[in-house]
Amino acid sequence: MGIEEFGGGQGPQPDVLVVTTNDVPGHRVTEVIGEVFGLTVRSRHVGSQIGAGLKSLVGGELKGLTKTLVETRNQAMERLVQQARARGANGVLAFRFDVTEAADVGTEVCAYGTAVVLARE
């Protein structure tokens, strides 16, 4: 697996800027739209569970599960961006992920933040 398979986030010059900070240097917030989120729940593949169980006996990274979690987070983030865009935002501040087990059958990943309209200063 190459490093590109472990990453995520936005490409250059996105139409909806997503940041973990409460402000963006060189910009001011002209409107707060409100909370937005992107949610996805992924079940675990039986084969990957068996492989992960065997790998956990000898130690090391569970690369298949890592790749699945990266894909899941990227999907949740894309859904957040789609919701922000649909509500007229061009920015999301205080972006975070929340990851929890979902009823013992999968993993719930929620990307959330505050949708805003940003203007350059």
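Read on for a plain summary of the structure. (Residues numbered from 1 in each chain as written. Predicted model: local features only at pLDDT ≥ 70, side-chain atom pairs only at ≥ 80, totals over all residues. Heavy atoms only, no water.)

### A few points about the side chain of H27
Thought 1: Within the element layout of this structure, H27 appears in strand β2 (residues 27-43).
Thought 2: A distance of 3.2 Å separates a polar atom in the side chain of H27 from the backbone oxygen of P25. (Helix = DSSP H or I, 4+ residues; strand = E, 2+ residues; numbered from the N terminus. Polar contact = N/O pair within 3.5 Å; in protein donor to acceptor, adjacent residues only side chain to side chain.)

### Section: the environment of E101
Thought 1: Mapped onto the elements of the fold, E101 is located in strand β3 (residues 91-102).
Thought 2: Here E101 falls in the partly exposed class, since its relative accessible area comes to 47%.
Thought 3: The spacing of E101 and V41 is 60 residues in sequence and 9.0 Å in space, taken between C-alpha atoms. (Buried < 20%, exposed > 50% of the residue type's maximum accessible area, 1.4 Å probe, protein only.)

### A closer look at the environment of T40
Thought 1: Assignment of secondary structure puts T40 in strand β2.
Thought 2: Separated by 35 residues in the primary sequence, T40 and Q75 have C-alpha atoms spaced 7.2 Å apart.
Thought 3: There is a polar contact of 2.8 Å between the side chain of T40 and the side chain of Q75.

### Points about unusual backbone geometry
A negative phi angle characterises most non-glycine residues, just as the trans form characterises most peptide bonds.
Thought 1: One non-glycine residue, A94, lies in the positive phi region at around 55°.
Thought 2: One can find A94 in strand β3.

These results come straight from atomic positions and should not be treated as a statement about function.
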